[in-house]
Amino acid sequence: MLGIKYFPQKLNIEGKRLIVRVDLNVPLKDKKIQDPTRILQVLPFLQDLIKRKSKIILISHLGRPKGIRNSDLSLLPIYRYLKEKLNTNMYFYTGEIKNEVKTKCSYLKEGEILLIENIRFFKEEAENNENFAKKLGELGDIYINDAFSCSHRKHSSIYSITKFVKEIYAGPLLKKEITAINSIIKNKKDPVTCIIGGSKVSTKIGVISNLIKIVSNIVIVGAMANNFLAYKKYEIGRSLREENTEDMIKKILEKAEKNKCKIVIPEDCMVSKSFEGDAILRDIKSIEKDDIILDIGSKTIKIIEEIIDNSNTIMWNGPAGYFESKNFALGTNAIAQKVSENTKNRSLTSVLGGGDTVSAINKNGLDLSFTHLSTAGGAFLEYLEGKDLPGLSVLK
Ligand code: 3PG
Ligand code: MG
């Protein structure tokens with residue numbers, strides 16, 4: 001995206017209060033960090049800001065608490081992790097966004113950091129409330145958005161806040177993401193295949209619908225595929241499914257046919273009676289009433305591998321199954337290996353995005369290469385579609 005104002009490397013920020021919006025939305029289990037990639041990626045910039053003697057006010061969200069405080073989604077474990085990695089005084093602020101936090105920010109010393117508790121604990125964040133954004137904006141002298149992965153959200157700390165701080169910039173991580181994705185879009189070679197996993201159709205409907213016009217194949221995997229299978233009247237047992245998706249799927253399939261875009265859905269699956277159970281291979285026509293679909297099957301893997309071999313560009317977002325259990329990580333790992341192999345051997349252009357996808361890739365311990373690995377999921381897909389992301393439009 002042209003015209004974005006990037007944070008100047010030589011700017012004198014000594015003693016200045018910097019509001020830095022980052023994405024510390026990492027996967028947690030029992031309040032333990034499962035994959036620190038996103039945190040590790042923001043560390044170099046924070047270290048640089050500390051060295052340059054600025055005062056840092058960090059803002060991030062975690063999960064989707066919908067304006068309600070929820071201790072499972074507290075940033076406390078992330079605060080502790082950051083504190084251990086950064087050699088400076090760091091504070092965690094859990095109160096309201098009122099005068100108290102303003103005072104605390106004004107007391108920050110050079111090189112110190114104050115992390116605000118999960119910004120989505122405040123309902124005003126997702127409402128893009130201007131009053132709230134103003135209060136956030138008043139905490140600093142300079143605002144930096146270094147969360148490309150959140151820039152598709154028209155939220156207070158991403159969007160409206162920029163009206164209330166004089167100096168606003170995009171951070172280095174955001175710049176790196178945009179530069180990489182731009183170069184891929186520019187050099188993208190046909191046939192293009194998009195592999196989409198994850199669980200919710202409704203959150204990706206717009207993206208899928210727009211991608212149909214620009215790609216040759218859309219491969220639907222993960223829990224998202226269950227909705228397509230149910231639409232085609234297959235038994236999906238107790239598998240995760242989203243209500244009222246029939247109309248959306250009908251439209252997707254009609255549009256795909258019109259645009260000659262092939263939609264590929266699983267032909268077999270790995271199922272189990274529970275998330276912890278063993279994996280059983282079943283043809284899509286023989287799923288039982290108490291089965292849960294947790295991965296794609298071997299026949300589907302072969303079909304997808306062949307599509308990858310015949311593509312020149314791959315865009316992939318969302319794992320193929322419940323990769324958190326190694327019993328159901330085969331599909332995701334097979335796709336990852338095939339994409340990586342083609343990237344290494346015949347310079348397939350591959351771009352992967354999404355917190356879960358990245359964490360699945362990191363977890364399998366394989367030595368893989370891709371053209372670009374983006375920490376962004378939804379933002380990455382919307383950017384690929386050519387959309388003007390609200391969080392980026394305000395940085396121009
Ligand atoms: C993500 O993980 O996709 C980003 O952190 C944005 O989160 P969101 O999809 O809940 O807005
Ligand atoms: Mg998302």
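Residues numbered from 1 in each chain as written. Chains lettered and ligands numbered in written order. Predicted model: local features only at pLDDT ≥ 70, side-chain atom pairs only at ≥ 80, totals over all residues. Heavy atoms only, no water.

J.: Account for the nonpolar core, with residues named and values stated.
T.: By size, the foremost hydrophobic cluster in this structure holds 46 residues, and its most contacted members are Phe148, Ile218, Ile220 and Leu392. Membership of the second largest hydrophobic core comes to 31 residues, among which are Leu58, Ile78, Leu86 and Leu173. (Core = buried A, V, L, I, M, F, W, Y, C linked by side-chain atoms within 4.5 Å. Buried < 20%, exposed > 50% of the residue type's maximum accessible area, 1.4 Å probe, protein only.)

J.: Lay out the packing of helix α10 (residues 298–309) against helix α11 (residues 330–346) with the relevant residues and their values.
T.: Closest axis-to-axis distance for the α10/α11 pair is 10 Å, and the angle between their directions is 20 degrees. Between α10 and α11, the interaxial angle falls into the category roughly parallel. Where α10 crosses over α11, the two elements pack in a sense that is right-handed. The residues of α11 that touch α10, namely those facing Ile301, Ile304, Glu305, Ile308 and Asp309, are Leu330, Gly331, Ala334, Ile335, Lys338, Val339, Asn342 and Arg346. Residues belonging to the contact of α10 with α11 are distributed by class as follows: seven nonpolar, two polar and four charged. (Axes fitted to C-alpha atoms, helices over the stretch in contact; angles between N-to-C directions. Helix = DSSP H or I, 4+ residues; strand = E, 2+ residues; numbered from the N terminus. Parallel < 35°, antiparallel > 145°, perpendicular 65-115°, else oblique. Left-handed = near helix turned anticlockwise from the far one by under 90°. Contact = heavy atoms within 4.5 Å. Nonpolar A, V, L, I, M, F, W, Y, C, P; charged D, E, K, R; others polar.)

J.: I'd like to hear about the site of ligand 1, residue by residue, with values.
T.: Taken together, Asp23, Asn25, Arg38, His61, Arg64, Arg120, Ser149 and Arg153 make up the full set of residues near ligand 1. Note that an oxygen atom of ligand 1 is positioned 2.9 Å from one of the side-chain N or O atoms of Asn25. His61 places a side-chain nitrogen or oxygen 3.1 Å from an oxygen atom of ligand 1. Within the complex, the protein chains bury 87% of what would otherwise be the 310 Å² of accessible surface of ligand 1. A per-class count over the shell around ligand 1 returns no nonpolar, three polar and five charged. (Near = heavy atom within 4 Å. Polar contact = N/O pair within 3.5 Å; in protein donor to acceptor, adjacent residues only side chain to side chain. Areas by Shrake-Rupley, 256 points an atom, 1.4 Å probe, with all protein chains shown as cover.)

J.: Mind laying out helix α9 (residues 246–258), listing which residues take part and the relevant values?
T.: For α9, which comprises 13 residues, the first-to-last C-alpha distance of 18 Å matches the rise-based estimate of 18 Å (1.5 Å per residue) to within 8%. Buried within α9 we find Ile249, Ile252 and Ala256. Taken down its axis, α9 places every buried residue within 60 degrees of arc, on the same side. For α9, the exposed residues lying more than 90 degrees away from the buried face are Asp247, Lys251, Glu257 and Lys258. Elements in contact with the buried residues of α9: α7 (201–211), α8 (222–231) and β11 (262–264). The positive-phi residue at the C-terminal boundary of α9 is Lys260, with phi of around 55 degrees. (Expected span 1.5 Å × (residues − 1). Arc of directions from axis to C-beta.)

J.: So, the packing of aromatic side chains: which residues are in play, and what are the values?
T.: Per the counting criterion, the structure on display carries six aromatic pairs. Ring geometry for Tyr79 against Phe92: centres 5.1 Å apart, planes inclined by 20 degrees, an arrangement best described as stacked. With Tyr79 in helix α2 (residues 76–85) and Phe92 in strand β5 (residues 90–93), this residue pair connects regions lying 13 residues apart in the sequence. The interplanar angle of 40 degrees and the centroid separation of 5.5 Å between the aromatic rings of Phe122 and Phe132 together place this pair among those described as tilted. One end of the pair, Phe122, is in the loop between β6 (113–116) and α4 (123–126); the other, Phe132, is in helix α5 (residues 130–137), with ten residues separating them in the sequence. Taken individually, Phe122 and Phe132 each receive the classification buried, so the pair is uniform in this respect. Members of the aromatic cluster, each reached through a chain of ring pairs, are Phe7, Phe45 and Tyr169. Sitting above the plane of the Tyr6 ring, Lys175 keeps its charged end 5.2 Å from the centroid. (Phe/Tyr/Trp six-rings, centres within 6.5 Å; stacked < 30°, edge-to-face > 60°. Lys NZ or Arg CZ within 6 Å of the ring centre and 35° of its normal.)

As far as function goes, none of this settles anything; it's purely spatial.
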